[in-house]
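# Breakdown of the fold
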Amino acid sequence: MLDKLLNIMDAACKWGNKNLETSIQFPKPRKKSIIFSAVSSGIISSAILVYGLFLNKKWILLFGGLGIISSVFIYRQSVKND
């Protein structure tokens, strides 16, 4: 899944370079940086979830839960691509 996203971004950069006469290159993140991003996102989303629990706000709980699901998905995709 992450590979498809990188391929789409590469194609968009190539199109932009060709049609707009620019020199844009999309950086390819290393596995270590993807895992660090997923873990830090999970920590921040957990804090948002706890904040939502204390304030009893459902929309904050929703954002925290979606953030945790997103970080788990990104982590699993980066580990699966070994």
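This section reports on the structure supplied with the text. (Residues numbered from 1 in each chain as written. Predicted model: local features only at pLDDT ≥ 70, side-chain atom pairs only at ≥ 80, totals over all residues. Heavy atoms only, no water.)

### Thoughts on a nonpolar patch on the surface
Together, Ile 44, Ile 48, Trp 59, Leu 62, Phe 63, Leu 66 and Ile 69 give the surface a local cluster of nonpolar side chains, amounting to about 760 Å² of exposed area. Contributions of two or more residues to the nonpolar patch are made by helix H2 (31-55) and helix H3 (58-80). Looking at the nonpolar patch, the element that brings in the most residues is H3, giving five residues. Within the secondary structure, Ile 48 sits in helix H2. (Patch = residues over 30% accessible without salt bridge, like charges linked within 9 Å, V, L, I, M, F, W, Y side chains within 5 Å. Areas by Shrake-Rupley, 256 points an atom, 1.4 Å probe, with all protein chains shown as cover. Salt bridge = Lys/Arg side-chain N within 4 Å of Asp/Glu carboxyl O. Helix = DSSP H or I, 4+ residues; strand = E, 2+ residues; numbered from the N terminus.)

### Section: the environment of Asn 19
Looking at where Asn 19 falls in the secondary structure, it is placed in helix H1 (residues 2-20). You can call Asn 19 partly exposed: its relative accessible area is 40%. (Buried < 20%, exposed > 50% of the residue type's maximum accessible area, 1.4 Å probe, protein only.)

### Considering H3
Counted at 1.5 Å a residue, the expected span for H3 with its 23 residues is 33 Å, and the 33 Å between its end C-alpha atoms agrees. Along H3, the residues that are buried comprise Ile 60, Gly 64, Gly 67, Ser 71, Gln 77 and Ser 78. Of the surrounding secondary structure, the elements contacted by the buried residues of H3 are H1 and H2. (Expected span 1.5 Å × (residues − 1). Contact = heavy atoms within 4.5 Å.)

### A closer look at H2
With 25 residues, H2 should cover 36 Å at 1.5 Å per step; its first-to-last C-alpha distance of 36 Å lies within 8% of that length. For H2, the complete set of buried residues consists of Ile 34, Ala 38, Gly 42, Ser 45 and Gly 52. Buried residues along H2 sit against H1 and H3. Where H2 terminates, the next one or two residues include Asn 56, which has phi positive at roughly 60°.

Honestly, that's just the spatial picture; any functional story needs more than this.
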